[in-house]
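Given next are the chains, with one letter for each unit.
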Amino acid sequence: MSVLRKQEYDPDTGELLGTGYDDHAAAVTSTAAELHRAGIGHRLGFQTEIGHRLGSSFVQRADLVVRAPEAGVPVLLVEVDRRTEDAHELVAKLRRYWEWGRLLPKDAAKSKVDLVRSRPDAIEHVDHEKRLWRRFYPPTGREGLVPLALV
């Protein structure tokens, strides 16, 4: 199908640009293959296009999620950029991951929810085990947010 698509070229360099989702999917798949070749992850330990819902109902999709505890990678979210996003878009995407990592689950204790709503910095004092992302992913052995890599 990619043969039927119109080829687009960078106006400055003249280089062929990615022409659609098929190129992006191939880049994500090849990233997973390279990680697997490097000994990181079992073939079934990779998932693509995993959604992470923000409080605003926006869904930030990770291109690739790697789970390879045997390689010391309990979880890693991977964003594959084919030079199709500018710096502003990448910063916005990183900000959305940061926001998602700071969310509390819906059934969080009312006292924690009230504290976080009352003071913007209060989330820093909420145990990482109590955050929403820990319901989806295993502990990483490090404090902070879920690990994210840009490729």
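Heads up: the structure comes first, above all this text.
Below or above, wherever it landed, is the structure these notes cover. (Residues numbered from 1 in each chain as written. Predicted model: local features only at pLDDT ≥ 70, side-chain atom pairs only at ≥ 80, totals over all residues. Heavy atoms only, no water.)

## Topic: the overall build of the chain
Logical step 1: Within the chain, the secondary structure is distributed over four helices and four strands.
Logical step 2: The linear arrangement of helices and strands in the chain, starting from the amino end, is α-β-β-β-α-α-α-β.
Logical step 3: The buried share of the chain, taken over its 151 residues, is 30%.
Logical step 4: In the chain, the share of contacts with a sequence separation of at least 24, taken over all contacts with a separation of at least 6, comes to 49%.
Logical step 5: Carbon and sulfur atoms make up 55% of the accessible area of the chain, which totals about 10,100 Å². (Helix = DSSP H or I, 4+ residues; strand = E, 2+ residues; numbered from the N terminus. Buried < 20%, exposed > 50% of the residue type's maximum accessible area, 1.4 Å probe, protein only. Contact = heavy atoms within 4.5 Å. Areas by Shrake-Rupley, 256 points an atom, 1.4 Å probe, with all protein chains shown as cover.)

## Remarks on the nonpolar core
Logical step 1: Within the largest apolar cluster, 11 residues are counted, these being L54, A62, V65, V75, L77, Y97, W100, L132, W133, Y137 and V146.
Logical step 2: Residue assignment for this core shows that the elements contributing at least two residues are β2 (59-68), β3 (73-79) and α2 (87-101).
Logical step 3: Discounting chain neighbours no more than four positions away, the residues touching Y137 are I50, H52, V65, R67, V75, L77, W100 and V146.
Logical step 4: Within the second largest apolar cluster, 10 residues are counted, among which are A27, V28, A68 and V73. (Core = buried A, V, L, I, M, F, W, Y, C linked by side-chain atoms within 4.5 Å.)

## Some thoughts on the pairing of β3
Logical step 1: Taken across its seven residues, β3 has six buried, putting it largely inside the fold.
Logical step 2: Bridge count for β2 against β3 is four bridges, and the pairing is antiparallel. Among the inter-strand pairings, V65 is bridged to a residue of β3, identified as L77.
Logical step 3: Linking β2 to β3, which pair antiparallel, is a turn of four residues; within it G72 sits at a positive phi near 80°. (Pairing = 2+ DSSP bridges.)

## Topic: the side chain of R102
Logical step 1: With respect to the element layout, R102 can be found in the loop between α2 and α3 (110-118).
Logical step 2: Overall, R102 belongs to the buried group, its relative accessible area being 16%.
Logical step 3: Not counting chain neighbours up to four residues away, the residues in contact with R102 comprise P120, I123, E124, R131 and L145.

## Let's talk about α2
Logical step 1: Compared with the 21 Å implied by 1.5 Å per residue over 15 residues, the 21 Å span of α2 between its first and last C-alpha is a close match.
Logical step 2: Considered for burial, the residues of α2 that qualify are K93, Y97, W100 and G101. For α2, the buried positions fall inside an angular range of 105° around the axis, keeping them on one side. Exposed positions of α2 whose direction lies more than 90 degrees from the buried face are A87, H88 and V91.
Logical step 3: Looking at the buried residues of α2, the elements they touch are β1 (46-53), β2, β3, α4 (133-136) and β4 (148-150). (Expected span 1.5 Å × (residues − 1). Arc of directions from axis to C-beta.)

## So, the pattern of salt bridges
Logical step 1: Taken as a whole and assessed by the stated rule, the structure comprises five salt bridges.
Logical step 2: For E79, the salt bridge goes to K93, with nearest N and O atoms at 3.0 Å. Highlighted residues: E79 in strand β3 and K93 in helix α2, separated in sequence by 14 residues.
Logical step 3: Between R95 and E99 there is a salt bridge, and its shortest N-O distance comes to 3.8 Å. (Salt bridge = Lys/Arg side-chain N within 4 Å of Asp/Glu carboxyl O.)

## Here's the deal with unusual backbone geometry
Logical step 1: One non-glycine residue with positive phi stands out, namely E49, at about 50°.
Logical step 2: Along the chain, the position of E49 falls in strand β1.

## Observations regarding the environment of Y97
Logical step 1: Relative to the assigned elements, Y97 resides in helix α2.
Logical step 2: Each C-alpha atom of the pair Y97 and Q60 lies 7.3 Å from the other, and the pair is 37 residues apart in sequence.
Logical step 3: Aside from chain neighbours lying at most four places away, what touches Y97 is H52, Q60, R61, A62, L77, E79 and L148.

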